[in-house]
Amino acid sequence: MTSGVPITSSELANLWMTFQEKTMIIRILEHFIEHADNEEKLLLQTHYNNASITIDTIKEIFKQEGAVIPIGFTEEDVSKGAPKLYDYIFDIMYLHMMTKVEMSLYSLFCGMSYRKDINDFFIKLTAESQAMNSQSTQFLLEKGVLVRPPFVSMPKEVHFVQNTDYRSGFHLFGELRSLNTIEVSLIHHAIETNLIGMQLMIGFAQVAANKDVQEYLVRGMKLSKKIEMDLGEFLRKSFIEPPATHAGKATTSTIAPFSDKLMMYNTSLLTSFGLGSNALGSAFSLRNDLPAKMAFLAKDISTFAHDGGRIMIKNGWIEEPPQIEDRNELTK
């Protein structure tokens, strides 16, 4: 894939981050595929195969550039033969959530890539994640376990905001105005991902070997529940029921299919994604009470992320990203 032009620091960083995420996904999919039925296994195996090709491609780029191959996550981070940790269709629900993360990451990486082959590589990954997200969405809808956002009456006229009370969230007589469709869509997305994240944390907490990790994952479980409850209240006040599903629960297994290192990294990745989604929701909401709530939740999420980083560093689980040359050290 080389073009004779060295890869930039941004391209190196993005390839490195992709390697970490894809090696993690492969380990998790190995456990899911081991316990999946044929219908689910087809989707999981497709994503597994794509991830494997991605890893091989990144290795080849690093080899051509003379860069060391990262470690990422290996066979030591998954236990073959471990009992099923999650029940009915959680594997596809997890895939649905993670392809949302991948779509966001890879589209961002496209805009940060300047060498054509690297840019084309991330365009390809973006398309793959979009296709898999679409397939997993349709699969979950057909199974009746994915809740669509609420339907609304179609607008018949164009209106412009005439009063600053629109931003305050109040109508005449101090009543809260109903949410607009942008606000509903952002809240629905946050609740949907946190419901899946909560079940993920429950399963992780049940099998964690390290006591600090277990307590941290229990915090994550409770934080996801708090986010779901707090944001769900905005929907209820507009007489909309928040999304919920009967599927995708953790089993009663306490035997770990994944290493504590992998579970902490996955939690860290989703926490970072949650912060980004929270910021997006704050930016596009026109009702002041919603960004205020999201800012409050962002503080909790940020603290949670910081504490997770401390646990990972303490246990030597954070692989150091490639560094810029330390010119101060080199010129001593």
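In this text, all values refer to a predicted model and were calculated from it rather than measured experimentally.

Draft legend 1. The overall build of the protein chain, seen in detail. If you tally the helices and strands in the protein chain, you get 10 helices and 0 strands. Reading the protein chain from its N end, one meets helices and strands in the order α-α-α-α-α-α-α-α-α-α. Taking 20 Å as the expected radius of gyration for a compact globule of 332 residues, we find that the protein chain reaches 22 Å, a close match to that expectation. Seen along its three principal axes, the alpha-carbon backbone of the protein chain occupies a region of about 65 × 50 × 40 Å. Intrachain contacts of the protein chain at a sequence separation of at least 6 include 84% that bridge at least 24 residues. Counting every atom, the protein chain has about 17200 Å² of accessible surface; 58% of that belongs to carbon and sulfur. Taking the average location of the 32 positive side-chain charges in the protein chain and that of its 40 negative ones, the two points are 3 Å from each other.

Draft legend 2. Quick peek at the packing of aromatic side chains. Applying the stated criterion across every chain, the model contains 11 aromatic pairs. Between Tyr-106 and Phe-109, the ring centres sit 6.4 Å apart and the planes meet at 55°, which makes this aromatic pair tilted. Here Tyr-106 and its partner Phe-109 are both found in helix α3 (residues 90–111), 3 residues apart, which amounts to about one turn of the helix. For Tyr-106, a relative accessible area of 0% corresponds to the buried category. By relative accessible area, which is 2% here, Phe-109 ends up buried. Feature note: the residues Phe-32, Tyr-86, Phe-90 and Tyr-94 constitute an aromatic cluster, connected by ring pairs. Lying across the ring of Phe-73, Lys-261 places its NZ or CZ 5.0 Å from the centre.

Draft legend 3. Quick look at unusual backbone geometry. We note that Ile-89 has phi near 65°; this positive angle belongs to a residue other than glycine. Here Ile-89 lies in the loop between α2 (38–65) and α3. The residue Phe-239 is not glycine, and still its phi comes out positive at about 60°. Relative to the helices and strands, Phe-239 resides in the loop between α7 (211–237) and α8 (260–284). Judged by relative accessible area, which is 81%, Phe-239 ranks as exposed.

Draft legend 4. Quick look at the nonpolar core. Judged by nonpolar contacts, the single largest core of 87 residues is most densely connected at Leu-15, Met-24, Tyr-94, Phe-122, Leu-200 and Leu-231. Of all the elements in the fold, those that place two or more residues in this core are α1 (9–35), α2, α3, α4 (116–143), α6 (181–207), α7, α8 and α9 (289–314). Excluding residues within four positions of it along the chain, Leu-15 makes contact with Ile-7, Ile-58, Ile-61, Phe-62, Ile-118, Phe-121 and Phe-122.

Draft legend 5. Spatial organisation of the packing of α2 against α4. Axis separation between α2 and α4 bottoms out at 11 Å; the angle between their running directions is 170°. In terms of orientation, α2 lies roughly antiparallel with respect to α4. For the pair α2 and α4, the contacting residues are Glu-39, Glu-40, Leu-43, Thr-46, His-47, Asn-50, Thr-54, Thr-57, Ile-58 and Ile-61 in the first and Ile-118, Phe-121, Leu-125, Glu-128, Met-132, Gln-135, Ser-136, Phe-139 and Lys-143 in the second. Among the residues forming the contact of α2 with α4, the class breakdown is 8 nonpolar, 7 polar and 4 charged.

Draft legend 6. Region of interest: the pattern of salt bridges. Enumeration according to the criterion identifies 15 salt bridges in this entry. Between Glu-102 and Lys-22 there is a salt bridge; the shortest N-O distance is 3.1 Å. Note that Glu-102 is positioned in helix α3 and Lys-22 in helix α1, a separation of 80 residues in sequence. Note on accessibility: Glu-102 and Lys-22 belong to one class, buried. Residue Glu-39 pairs with Lys-143 through a salt bridge whose shortest N-O separation is 2.9 Å.

Draft legend 7. Molecular detail of α3. Taking 1.5 Å of rise per residue, the 22 residues of α3 would be expected to cover 32 Å, and the 32 Å separating its terminal C-alpha atoms lies within 8% of that figure. Counting buried positions along α3 yields 17 of 22 residues, so the element is predominantly enclosed.

Draft legend 8. Seen up close, the confidence of the model for the protein chain. Overall, the predicted model of the protein chain reaches an average pLDDT of 90, with 95% of residues at or above 70. Within the protein chain, the lowest mean pLDDT, 69, falls on helix α5 (residues 165–168), and the highest, 97, falls on α1.

Draft legend 9. Spotlight on the side chain of Asn-14. As for its placement among the helices and strands, Asn-14 is situated in helix α1. Take Asn-14: its relative accessible area is 2%, and that puts it in the buried class. If sequence neighbours within four positions are ignored, Asn-14 has contacts with Phe-109, Met-112 and Phe-122.

Draft legend 10. Examining the packing of α2 against α3 more closely. In contact at an axis separation of 10 Å, α2 and α3 are set at 30° when each is read in the N-to-C sense. Here α3 runs roughly parallel to α2, going by the angle between their axes. Once α2 is placed against α3, the crossing between them reads as left-handed. Residue-level contacts link Glu-40, Leu-43, Leu-44 and His-47 of α2 to Asp-91, Ile-92, Leu-95, Thr-99 and Glu-102 of α3. For the contact of α2 with α3, the class distribution of residues is 4 nonpolar, 2 polar and 3 charged.

Draft legend 11. Summary view of the environment of Leu-231. The residue Leu-231 is located in helix α7 in this model. Sequence separation of Leu-231 and Pro-242 is 11 residues, and the distance between their C-alpha atoms is 8.6 Å.

Draft legend 12. Geometry of α6. Taking 1.5 Å per residue as the helical rise, α6 with its 27 residues ought to reach 39 Å, and the 40 Å between its terminal C-alpha atoms agrees with that figure. A large share of α6 lies buried, amounting to 21 of its 27 residues. Near the N-terminus of α6, the side chain that reaches the backbone nitrogen of Ile-182, with its oxygen 3.1 Å away, is that of Asn-180.

Criteria and cut-off values
- Residues numbered from 1 in each chain as written.
- Predicted model: local features only at pLDDT ≥ 70, side-chain atom pairs only at ≥ 80, totals over all residues.
- Heavy atoms only, no water.
- Helix = DSSP H or I, 4+ residues; strand = E, 2+ residues; numbered from the N terminus.
- Rg over C-alpha atoms; globule rule 2.2 N^0.38 Å.
- Contact = heavy atoms within 4.5 Å.
- Areas by Shrake-Rupley, 256 points an atom, 1.4 Å probe, with all protein chains shown as cover.
- Lys, Arg positive; Asp, Glu negative; His and termini not counted.
- Charge placed at Lys NZ, Arg CZ, Asp CG, Glu CD.
- Phe/Tyr/Trp six-rings, centres within 6.5 Å; stacked < 30°, edge-to-face > 60°.
- Buried < 20%, exposed > 50% of the residue type's maximum accessible area, 1.4 Å probe, protein only.
- Lys NZ or Arg CZ within 6 Å of the ring centre and 35° of its normal.
- Core = buried A, V, L, I, M, F, W, Y, C linked by side-chain atoms within 4.5 Å.
- Axes fitted to C-alpha atoms, helices over the stretch in contact; angles between N-to-C directions.
- Parallel < 35°, antiparallel > 145°, perpendicular 65-115°, else oblique.
- Nonpolar A, V, L, I, M, F, W, Y, C, P; charged D, E, K, R; others polar.
- Salt bridge = Lys/Arg side-chain N within 4 Å of Asp/Glu carboxyl O.
- Expected span 1.5 Å × (residues − 1).
- pLDDT = per-residue confidence, 0-100.
- Left-handed = near helix turned anticlockwise from the far one by under 90°.
- Polar contact = N/O pair within 3.5 Å; in protein donor to acceptor, adjacent residues only side chain to side chain.

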